[in-house]
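One-letter residues, chain by chain:
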Amino acid sequence: PPRTDCPLDRKELGHYTWGFLHSMASYYPEKPSRSQQEAMSQFFNIFSQFYPCEPCALDFQDDIKEHPPKTESRNALAKWLCERHNTVNEKLGKPVFDCSKVHERWRDGWLDGSCDQ
Ligand code: FAD
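Residues numbered from 1 in each chain as written. Predicted model: local features only at pLDDT ≥ 70, side-chain atom pairs only at ≥ 80, totals over all residues.

### A look at the overall build of the protein chain
Here's step 1: Each helix and strand counted, the protein chain has five helices and zero strands in total.
Here's step 2: Along its sequence from the N terminus, the protein chain presents helices and strands in the succession α-α-α-α-α.
Here's step 3: Each of the three principal axes of the protein chain carries a C-alpha extent, and together these read 45 × 40 × 30 Å.
Here's step 4: Taking all 117 residues of the protein chain together, the buried fraction comes to 11%.
Here's step 5: In the protein chain, 52% of the contacts between residues at least 6 apart in sequence involve partners at least 24 apart. (Helix = DSSP H or I, 4+ residues; strand = E, 2+ residues; numbered from the N terminus. Buried ≥ 20, exposed ≤ 12 C-beta atoms within 10 Å, placed from the backbone. Contact = placed C-beta atoms within 7 Å.)

Printed below as a string of structure tokens:
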């Protein structure tokens, strides 16, 4: 069985991190206050400085400089983050994700009920 007590490699770190980031975006307020919007922008700027994969962090810094966080609503943030993840997917030759399904994937579960207990 895979060990769960060893340092994360780049793929494991990425997989867990995207899970956290997309979940955070899908639970962000629908109508955030001005200070929540500013805090979320700062979060991504700080995150991009300390993400513990240097080439990933440097590319992500460039990408969010060109496409700054959209923090005006939950839907805007989730779509923005989905697009950022798709930029990484394209770079790695992975399939592009359909961003209209981001809340199904990360908050509500698939419409066919396959995530329901
Ligand atoms: P992941 O890409 O980790 O995705 C996890 C799950 O998210 C998928 O199974 C899918 O259900 C869902 N998903 C996929 N795309 C989207 C989307 N667009 N929106 C919402 N949900 C989606 N790796 C490198 O080798 N080089 C890099 O430069 C690099 N940069 C990274 C930068 C950041 C900020 C992060 C968080 C990770 C980075 N990674 C990088 C890691 C890489 O993106 C993957 O996480 C890793 O390769 C594992 O891929 P995976 O197949 O498990 O799926």
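### Observations regarding the confidence of the model for the protein chain
Here's step 1: In the predicted model, the protein chain carries a mean pLDDT of 97, and 100% of its residues have values of at least 70.
Here's step 2: As scored by the predictor, the complex reaches a pTM of 0.98 and an ipTM of 0.99. (pLDDT = per-residue confidence, 0-100.)

### Topic: the site of the ligand
Here's step 1: Surrounding the ligand, one finds 21 residues, the nearest of these being Gly14, Cys56, Cys82, His85 and Phe97.
Here's step 2: The leading source of residues in the shell around the ligand is helix 1 (residues 10-26), at seven residues.
Here's step 3: Looking at the shell around the ligand residue by residue, the classes come out as 10 nonpolar, seven polar and four charged. (Near = placed C-beta within 6 Å. Nonpolar A, V, L, I, M, F, W, Y, C, P; charged D, E, K, R; others polar.)

### Observations concerning the nonpolar core
Here's step 1: Listed in full, the 10 residues of the largest apolar core are Ala25, Met40, Phe44, Leu77, Ala78, Trp80, Leu81, Cys82, Val102 and Trp106.
Here's step 2: Sorting the residues of this core by element identifies helix 2 (34-50), helix 4 (74-92) and helix 5 (102-108) as the ones contributing at least two each.
Here's step 3: A total of five residues in this core trace back to one element, the largest contributor, which is helix 4.
Here's step 4: The contacts of Val102, once residues within four sequence positions are left out, are His22, Ser26, Ala78, Lys79 and Cys82. (Core = buried A, V, L, I, M, F, W, Y, C linked by C-beta atoms within 7 Å.)

### A look at helix 4
Here's step 1: A rise of 1.5 Å per residue sets the reference length of helix 4, with its 19 residues, at 27 Å; its end C-alpha atoms lie 27 Å apart and thus fit the reference within 8%.
Here's step 2: Within helix 4, burial applies to Leu77, Ala78, Trp80, Leu81 and Cys82.
Here's step 3: In this structure, the buried side of helix 4 is in contact with helix 1, helix 2 and helix 5.
Here's step 4: Downstream of helix 4 by one or two residues, Gly93 has phi in the positive range, about 75°. (Expected span 1.5 Å × (residues − 1).)

### Focus on the packing of helix 1 against helix 4
Here's step 1: Close contact between helix 1 and helix 4 brings their axes to 8 Å; oriented N to C, the two are set at 155°. Here helix 1 is positioned roughly antiparallel relative to helix 4, judged by the angle of their axes. Judged by the sense of rotation from one axis to the other, the crossing of helix 1 with helix 4 is left-handed. Of the residues in helix 4, those in contact with Trp18, Leu21, His22, Ala25 and Ser26 of helix 1 are Leu77, Ala78, Leu81 and His85.
Here's step 2: Partitioned by chemical class, the residues of the contact of helix 1 with helix 4 number six nonpolar, three polar and no charged. (Axes fitted to C-alpha atoms, helices over the stretch in contact; angles between N-to-C directions. Parallel < 35°, antiparallel > 145°, perpendicular 65-115°, else oblique. Left-handed = near helix turned anticlockwise from the far one by under 90°.)

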